[in-house]
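Given next are the chains, with one letter for each unit.
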Amino acid sequence: MRYDISIVGGGPAGLSAAYAAAKHGAKVVLFEKDPSIGHNVRTSGVSWIKEMNEFGITDQYFNPIRNFSFISPGNEIKISGDKNSACVLDVKKTYQLLASLAASEGCEIYIKSQVIDVSHKKDDKFNLLRVSTPQGQLDVESTLVIDASGFNSVVAKKLGLVTEWKRYGVGAEYECYCDGVDAETLVLMVGNKYSEAGYAWVFPLSKNRVRIGVGIGKPDSSVDPLKKLNSIIQNREPPLTALGKIQPLELHYGLIPNQGLRTKCTFDGLIMVGDTVGQANPLVLEGIRYAIEFGRLAGKIGAESLHSNSTAESLKPYETANQEILEKKIKSALKVQGRWLGLSDSEWDKEIEIIKGLSIDEFLDFIKSDFTASKMLKLALNHPRLIAKQLFSLVLNKNNNT
Ligand SMILES: Cc1cc2nc3c(=O)[nH]c(=O)nc-3n(C[C@H](O)[C@H](O)[C@H](O)COP(=O)(O)OP(=O)(O)OC[C@H]3O[C@@H](n4cnc5c(N)ncnc54)[C@H](O)[C@@H]3O)c2cc1C
């Protein structure tokens, strides 16, 4: 079988790359190892309404969120918005939409089809994928491969181009029925009671449906997030007391890179996108919108590169966008995360007091890691308390150093 572009992985990055590449005229195939698109949910699905709408993901795909609450062992704050800004996605429905968009542009999608081997035929200028599918084993040639296989970076690792992530987050989450939850408010819980190196969360999908989860950073902590989650639910730690009956209906589990961008994301005949290359914002494990944005960019630039045999040189615009748009943002977010990882419970009680002082717009910039130097300076000036200054100068210094 011969295609212009083969895509490995049917998550948001791969599906978006498939859509854009096919839309720009390439003959595209996508392989997903799971039996259906969105089959194994590995994400909590929180994102931003404006960005989702821009991608064509409309109100029917998410629960809108207006308010943000933080709970530490000895403190609790709430930042109320004047309009809905965030959202909790129906993950399966959203990924199925992304798959339908790709199919409508002509991409062929193989489900339950795992890429098991890869080789790069340098002289003949094509890549060969070996894929185990329900129709038997297939050998697929293509000019360009887009590695969108997520945390495991399957293609790039098999070609010996990257190594395993050393720092990463592991998350476990139940999607539950509950008697009642404030459907407009996201809750993040911080401090050792919830996670030694990370945080716990309550993300509502409706008045009676909620995702309750725990994320833990590795190798900072050896705790299993699922054990921690079970104990939080069993002990009815705040704010779970307010939810009435909690009945888990789905278990979600996933890993996410947490060490910044890989140094390179393009090679001859290969583009890496999404978690494969570490594009998520590590502050709050937010990667879906970057996977879609950079997936579409990878698909477009990939299709345009075909007439140059998709050499690394012809893929450079993608490499440049990846560095220019994401590198500083992710480095600054890692710096703040580094500070947060070191906080004791009583320090967390004080830290969320700083957050309480932010306006909703300042808070949204902060949580989205929108750390431009001018925004950070304004924040430091508006919030002269010493501890707030420390937090903001941390980011400023980092940005100035990079
Ligand atoms: C616990 C947790 C919570 C998160 N919460 C949020 C959140 O609230 N908001 C947010 O924006 N982000 C969140 N993220 C991050 C977000 O989920 C990721 O950044 C995003 O899913 C990355 O998309 P992707 O397409 O790169 O990878 P993935 O979504 O991991 O997709 C990769 C796909 O490749 C397939 N695959 C892998 N190997 C092969 C193979 N050999 N052959 C064929 N197919 C293969 C996989 O089955 C999978 O479908 C969270 C992550 C975790 C772990």
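Calculation rules
- Residues numbered from 1 in each chain as written.
- Predicted model: local features only at pLDDT ≥ 70, side-chain atom pairs only at ≥ 80, totals over all residues.
- Helix = DSSP H or I, 4+ residues; strand = E, 2+ residues; numbered from the N terminus.
- Rg over C-alpha atoms; globule rule 2.2 N^0.38 Å.
- Buried ≥ 20, exposed ≤ 12 C-beta atoms within 10 Å, placed from the backbone.
- Pairing = 2+ DSSP bridges.
- pLDDT = per-residue confidence, 0-100.
- Contact = placed C-beta atoms within 7 Å.
- Axes fitted to C-alpha atoms, helices over the stretch in contact; angles between N-to-C directions.
- Near = placed C-beta within 6 Å.
- Nonpolar A, V, L, I, M, F, W, Y, C, P; charged D, E, K, R; others polar.
- Domains from an automatic or database assignment.
- Parallel < 35°, antiparallel > 145°, perpendicular 65-115°, else oblique.
- Left-handed = near helix turned anticlockwise from the far one by under 90°.
- Arc of directions from axis to C-beta.

Participant: So, the overall build of the chain: which residues are in play, and what are the values?
Facilitator: Summing up its helical and strand segments, the chain has 11 helices and 18 strands in all. Here the chain has a C-alpha radius of gyration of 21 Å; the compact-globule value for 402 residues is 21 Å, and the two agree. Dimensions along the principal axes, computed over C-alpha positions, put the chain at roughly 65 × 50 × 40 Å. The buried share among the 402 residues of the chain stands at 47%.

Participant: Break down the pairing of strand 11 (residues 136-147) for me, with residues and values.
Facilitator: As defined by bridge partners, strand 1 (residues 2-8) adjoins strand 11 across six bridges and the pair is classed as parallel. Of the residues in strand 11, the one forming a bridge with arginine 2 is glutamate 141. From the end of strand 10 (residues 126-133) to the start of strand 11, which pair antiparallel, there are two residues. Here strand 11 pairs with strand 18 (residues 270-272) via three bridges, running parallel. Of the residues in strand 18, the one forming a bridge with valine 145 is leucine 270.

Participant: I'd like to hear about the confidence of the model for the chain, residue by residue, with values.
Facilitator: Detailed conclusions should not be drawn from predicted coordinates in areas where pLDDT is low. Mean pLDDT for the chain: 93, with 95% of residues reaching 70 or above. Taken together, the stretch residues 398-402 has pLDDT below 50 and engages in nine contacts with residues farther than four places along the chain or on a different chain.

Participant: Explain the sheet that holds strand 16 (residues 246-257) to me, and be specific about the residues and the numbers.
Facilitator: In a beta sheet, neighbouring strands are held together by backbone hydrogen bonds and run either parallel or antiparallel to one another. Pairing is mixed across the open sheet formed by seven strands, whose spatial order is 6-5-13-14-15-12-16. At either margin of the open sheet sits one strand with a lone partner, and together these are strand 6 (75-80) and strand 16. If you compare each strand with its neighbour and ignore which way they point, the axes differ by 15° on average. Bridge analysis of strand 12 (residues 168-178) against strand 16 gives 11 bridges, and the strand direction is antiparallel. Residue cysteine 176 lies in a different strand from strand 16, and its bridge partner there is proline 248.

Participant: Run through the site of the ligand, naming residues and quoting values.
Facilitator: If you check the shell around the ligand, you find 38 residues, and the closest are Gly11, Gly150, Gly171, Gly274 and Gly287. Among the secondary structure elements, those contributing two or more residues to the shell around the ligand are helix 1 (12-23), strand 3 (46-48), strand 9 (114-121), strand 16 and helix 6 (288-305). When grouped by side-chain class, the residues that make up the shell around the ligand number 14 nonpolar, 18 polar and six charged. Split by domain, the shell around the ligand shows at least three residues from each of two domains, domain 1 (2-42 + 91-164 + 262-326) and domain 2 (167-257).

Participant: So what's going on with the domain arrangement of the chain? Residues and values would help.
Facilitator: One can read the domain layout of the chain as domain 1 (2-42 + 91-164 + 262-326), domain 2 (167-257) and domain 3 (330-401). Of note, the centres of domain 1 and domain 2, computed from C-alpha atoms alone, are 30 Å apart. Per-class residue counts for the side of domain 1 that touches domain 2 are four nonpolar, two polar and two charged.

Participant: Describe the packing of helix 1 against helix 3 (residues 91-104), listing the residues and the values that go with them.
Facilitator: Taken N-terminus to C-terminus, the directions of helix 1 and helix 3 make an angle of 20°; their axes are 8 Å apart at the nearest point. Relative to helix 3, the element helix 1 is oriented roughly parallel. The handedness of the crossing between helix 1 and helix 3 comes out as left-handed. Residue-level contacts link Pro12, Leu15, Ser16, Ala18, Tyr19 and Ala22 of helix 1 to Tyr95, Leu98, Ala99, Leu101 and Ala102 of helix 3. When grouped by side-chain class, the residues that make up the contact of helix 1 with helix 3 number 10 nonpolar, one polar and no charged.

Participant: A description of the sheet that holds strand 7 (residues 86-89) should follow, citing residues and the corresponding values.
Facilitator: Strand order in the open sheet formed by three strands is 3-7-4, with antiparallel pairing between adjacent strands. A strand with exactly one partner marks an edge of an open sheet, and here the two such strands are strand 3 and strand 4 (62-65). Adjacent strand axes in the sheet meet at a mean angle of 35° when their direction is disregarded. Sheet analysis places strand 4 next to strand 7, joined by four bridges and oriented antiparallel. Bridge assignment links isoleucine 65 to a residue of strand 7, and that residue is alanine 86.

Participant: Pulling in residues and values, what's your account of the packing of helix 6 against helix 7 (residues 316-341)?
Facilitator: Direction vectors running N to C along helix 6 and helix 7 enclose 160°, while the axes themselves pass 9 Å from each other. Put simply, helix 6 runs roughly antiparallel to helix 7. Handedness of the helix 6/helix 7 crossing: right-handed. Contacts from Phe294, Leu297, Ala298 and Ile301 of helix 6 reach helix 7 at Pro317, Tyr318, Ala321 and Asn322. Of the residues assigned to the contact of helix 6 with helix 7, the class counts are seven nonpolar, one polar and no charged.

Participant: Tell me what's going on with the pairing of strand 13 (residues 185-189), and back it up with residues and numbers.
Facilitator: Two strands pair when backbone bridges link them, and strand 5 (residues 67-72) and strand 13 are joined in this way by five bridges, in the parallel orientation. If you follow isoleucine 71 over to strand 13, its bridge partner there is methionine 189. Relative to strand 14 (residues 198-206), strand 13 is paired through three bridges, and the arrangement is antiparallel. From the neighbouring strand, methionine 189 faces strand 14, where its bridge partner is alanine 200.

Participant: Outline helix 5 (residues 225-234), listing residues and values.
Facilitator: Note on helix geometry: an α-helix contains 3.6 residues per turn, so any two residues three or four positions apart are oriented the same way. For helix 5, every residue scored as buried is listed here: Pro225, Lys228, Leu229 and Ile232. With its buried residues spanning 100° around the axis, helix 5 presents them on a single face. Exposed and oriented more than 90 degrees from the buried face of helix 5 are Lys227, Ser231 and Gln234. The inward-facing, buried residues of helix 5 contact strand 12, strand 14 and strand 15 (209-218).

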